[in-house]
Amino acid sequence: QVQLVESGGGLVQAGGSLRLSCATSGRTFSSLSMGWFRQAPGKEREFVAAISQSGGITRHADSVKGRFTMSRDNAKATVYLQMNSLKPEDTALYYCAASIRIGVSSNSYEYSTWGQGTQVTVSS
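**Q** What am I meant to see in the pairing of strand β3 (residues 18–25) here?
**A** Each regular strand shows side chains that alternate between the opposite faces of the sheet. Of the strand pairs in this sheet, strand β1 (residues 3–7) and β3 are connected by 5 bridges, and their pairing is antiparallel. Note on β3: the bridge partner recorded for Val 5 is Ala 23.

Next up, the structure:
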């Protein structure tokens, strides 16, 4: 079993930056592809970014392209989401998720393990 713990959320003004981290344990990290999803109040959970096992392939949602960057450090068993130029519409609970699928996926059902989430609030 793999465990995921997110951190790095908080309150930031529009235009600011945050870096989310997701630390993993319990399974060989390099065998997992990883994703970030978010859910705003009253809305469905949506895909943000994903990264392959080696980190060589990434995918970002159109809404965050050019502003957010997902990366991973296999030595530290941690993935990151660098968020720049934040907007009020980025306000949400951000979840880290793990998958044994090879490659990247934007489909939440392909991720078998989820963290508890970290809150990001962007004020205007």
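**Q** Please explain the state of the cysteines as it appears in this structure.
**A** Each disulfide consists of a covalent bond between the sulfur atoms of two cysteine residues. Per the stated rule, a full pass over the model turns up 1 disulfide. Paired through a disulfide, Cys 22 and Cys 96 show a sulfur-sulfur distance of 2.1 Å. Given an S-S torsion of about -80°, the disulfide between Cys 22 and Cys 96 has left-handed geometry. Of this pair, Cys 22 sits in strand β3 while Cys 96 sits in strand β9 (residues 92–99), placing them 74 residues apart in sequence.

**Q** What should I look at first to understand the pattern of salt bridges in this one?
**A** Two side chains carrying opposite charge are able to pair once their charged atoms lie near each other. Throughout the structure, instances matching the rule amount to 5 salt bridges. The closest approach of N and O atoms between Asp 90 and Arg 67, which form a salt bridge, is 2.7 Å. Here Asp 90 is found in the loop between β8 (78–83) and β9, whereas its partner Arg 67 is found in the loop between β6 (58–60) and β7 (68–73), with 23 residues between them in sequence. For Glu 110, the salt bridge identified is with Arg 101, shortest N-O distance 2.9 Å. Arg 101 sits in the partly exposed class, given a relative accessible area of 31%. Linked by salt bridges that have partners in common, Arg 38, Glu 46, Arg 67 and Asp 90 make up one network.

Definitions and cut-offs
- Residues numbered from 1 in each chain as written.
- Predicted model: local features only at pLDDT ≥ 70, side-chain atom pairs only at ≥ 80, totals over all residues.
- Heavy atoms only, no water.
- Pairing = 2+ DSSP bridges.
- Helix = DSSP H or I, 4+ residues; strand = E, 2+ residues; numbered from the N terminus.
- Disulfide = S-S within 2.5 Å.
- Salt bridge = Lys/Arg side-chain N within 4 Å of Asp/Glu carboxyl O.
- Buried < 20%, exposed > 50% of the residue type's maximum accessible area, 1.4 Å probe, protein only.

Function cannot be read off these values alone, since they describe shape.
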